[in-house]
Amino acid sequence: MREEPVRVALIGMGWWGRKMLSVLDTVPHEIRVVRAVEPNVSAVRALCASRGVALTADYADALSDPQVEAVILATPHALHEAQIAAAVTAGKHVFCEKPLALTKAGAERAVALCREAGLVLGMGHERRWEPPIADLMAKADAGVLGRIHQIEANFSHDKFLTLNRDNWRLNAEHAPAGGMTATGIHLLDLSVRLLGPAESVWCICERLSSDLPQGDTVAAFIKFRHGGTAYVSASLANPFISRFAVFGARGWVDIRDKAHVEAPDGWIVTSAITGGPTRTVEVPPAEPVKDNLVAFARAIRGVEPYPITADHLINTIALLEAVFVSARSGKIEPVA
Ligand SMILES: NC(=O)c1ccc[n+]([C@@H]2O[C@H](COP(=O)([O-])OP(=O)(O)OC[C@H]3O[C@@H](n4cnc5c(N)ncnc54)[C@H](O)[C@@H]3O)[C@@H](O)[C@H]2O)c1
């Protein structure tokens, strides 16, 4: 017998909340959006009405609604931690957009609260559901690439150049190191997934060709506890590029997204295995944002565990926190 769809409330109906609403339209048997919360109600009244989704301005309305089983947080970063705690108190599962928290202690609290309450904690790291990244992770786990030595990754776009300079995304409280919380965080997550906990990081964040208050160009050089390094960079002031390259003792893979995940257009993957030729293949478009949310719903229904583990969540935010410290100090900083 087919399970009932998981009934969710979307919290924060800005850019990404609307993206998630649109992908969830395609999976009505897995997830049903029954409620939305957005302080700027008039901006999304017509959209929510067209989908039959109840809309209010107050998060408490979603938390007190007995038909809501889970909340999906697409809100400013510094709100995530308290919103997760409130959801757990109300007995709701949580899918949180990235970053989970801005400190390691905050990530540990969020993970512990959900675990102790027996609630699923999903995370907006949809890059893991991009088919070439999923294939890369499977190959790495199976040892096909040999020991992984290095990662080079860049995820940049110039979408924020037109934002008002008082937008929360350009504010030090929510986004202290250029594009690291916007795009770089996805690359930190993948690096931790492949190389384990980080040991130290050196981060340089500069303002090179814009007036973005927290800088437009960020680069982090990471040393991992069990060996291996990653160079993760992001610009908020150059045209879109998303590249994730992994180099191992037996092979390497270089993945380029043809478009931002907002509107996926497929991937170009170049790879080589020792002794073989260098090959380039095109991978057709997929919808990783949807697939991540479906994995969350399946975990709630007990079909299979959600694949982003508590250790991955905490280790990624520990690294993010050290990136912030290094961006300020200009020095190599330890990862807690
Ligand atoms: N996974 C991805 O690829 C991806 C892409 C873009 C954004 N995001 C994440 O999505 C989240 C939102 O980013 P965005 O770009 O959509 O920002 P946004 O500013 O467009 O949207 C945020 C919305 O939250 C609303 N809001 C503010 N306070 C609120 C509150 N207390 N309760 C409910 N809603 C509130 C705002 O009014 C706004 O509409 C962030 O965590 C961001 O990092 C993820």
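Residues numbered from 1 in each chain as written. Predicted model: local features only at pLDDT ≥ 70, side-chain atom pairs only at ≥ 80, totals over all residues.

Trainee: When you look at the packing of helix α5 (residues 104–117) against helix α9 (residues 310–329) in this model, what are you seeing that I'm missing?
Mentor: How two helices pack is summed up by the angle between their axes together with the distance between the axes. One way to put it is that α5 packs onto α9 with a least axis distance of 8 Å and a crossing angle of 160°. When the axis of α5 is compared with that of α9, the two are roughly antiparallel. Considering the relative orientation of α5 and α9, their crossing is right-handed. For the pair α5 and α9, the contacting residues are Lys-104, Ala-107, Glu-108, Val-111 and Arg-115 in the first and Ala-310, Leu-313, Ile-314, Ile-317, Ala-318 and Glu-321 in the second. (Axes fitted to C-alpha atoms, helices over the stretch in contact; angles between N-to-C directions. Helix = DSSP H or I, 4+ residues; strand = E, 2+ residues; numbered from the N terminus. Parallel < 35°, antiparallel > 145°, perpendicular 65-115°, else oblique. Left-handed = near helix turned anticlockwise from the far one by under 90°. Contact = placed C-beta atoms within 7 Å.)

Trainee: How should I be thinking about the sheet that holds strand β12 (residues 251–257) in this particular structure?
Mentor: The strands making up a sheet associate through backbone hydrogen bonding, with each pair oriented either parallel or antiparallel. The nine strands are arranged β14-β13-β12-β11-β7-β10-β9-β8-β15 in an open sheet whose pairing can be described as mixed. The open sheet is flanked by β14 (279–283) and β15 (332–334), the only strands paired with a single partner. Neighbouring strand axes in the sheet, compared pairwise and without regard to direction, differ in orientation by 15° on average. As defined by bridge partners, strand β11 (residues 241–248) adjoins β12 across five bridges and the pair is classed as antiparallel. Its bridge partner lying in β12, Val-246 is registered against Val-253. Sitting on the sheet, helix α7 (residues 180–195) touches β7 (148–156), β8 (198–206), β9 (217–224), β10 (229–235) and β11, and the angle it makes with β7 is about 165°. Sheet strands in contact with α9 are β8, β9 and β15, and its direction is about 45° off that of β8. (Pairing = 2+ DSSP bridges.)

Trainee: Would you explain α5 in this entry?
Mentor: Residue pairs three or four apart in sequence face the same way in an α-helix, which turns once every 3.6 residues. The end-to-end C-alpha distance of α5, which contains 14 residues, comes to 20 Å, matching closely the 20 Å that a straight helix rising 1.5 Å per residue would cover. Buried within α5 are the following residues: Gly-106, Ala-107, Ala-110, Val-111 and Cys-114. One side of α5 holds all its buried residues, which, seen down the axis, span an arc of 130°. Buried residues along α5 sit in contact with α4 (80–89), β5 (93–96), β6 (121–123) and α9. (Expected span 1.5 Å × (residues − 1). Buried ≥ 20, exposed ≤ 12 C-beta atoms within 10 Å, placed from the backbone. Arc of directions from axis to C-beta.)

Trainee: I tried to follow the nonpolar core on my own but got confused; where do I start?
Mentor: Nonpolar side chains in soluble globular proteins generally cluster together in the buried interior. Core analysis: the biggest nonpolar cluster contains 95 residues, and Leu-10, Val-71, Leu-319 and Val-323 have the highest contact counts within it. Broken down by element, the residue count for this core peaks at 10 residues, all from α9. When residues of this core are sorted by domain, at least three fall in each of domain 1 (6–126) and domain 2 (129–334). Core analysis: the next-biggest nonpolar cluster, separate from the first, contains six residues, Leu-170, Ala-175, Ala-182 and Ala-237 among them. (Core = buried A, V, L, I, M, F, W, Y, C linked by C-beta atoms within 7 Å. Domains from an automatic or database assignment.)

Trainee: Which parts of the structure should I look at to understand the sheet that holds β6?
Mentor: Read from one edge of the open sheet, six strands run β3-β2-β1-β4-β5-β6, paired in parallel fashion. Two strands lie at the open edges of the sheet, namely β3 (54–56) and β6, each paired on one side alone. Put simply, the sheet's adjacent strands are angled 25° from each other on average, direction ignored. Sitting on the sheet, helix α2 (residues 41–51) is in contact with β2 (31–37) and β3, with an inclination near 165° to β3. Strands in contact with helix α8 (residues 288–300) are β1 (6–11), β2, β4 (70–73), β5 and β6; relative to β5, the strand with the most contacts, it is inclined by about 165°.

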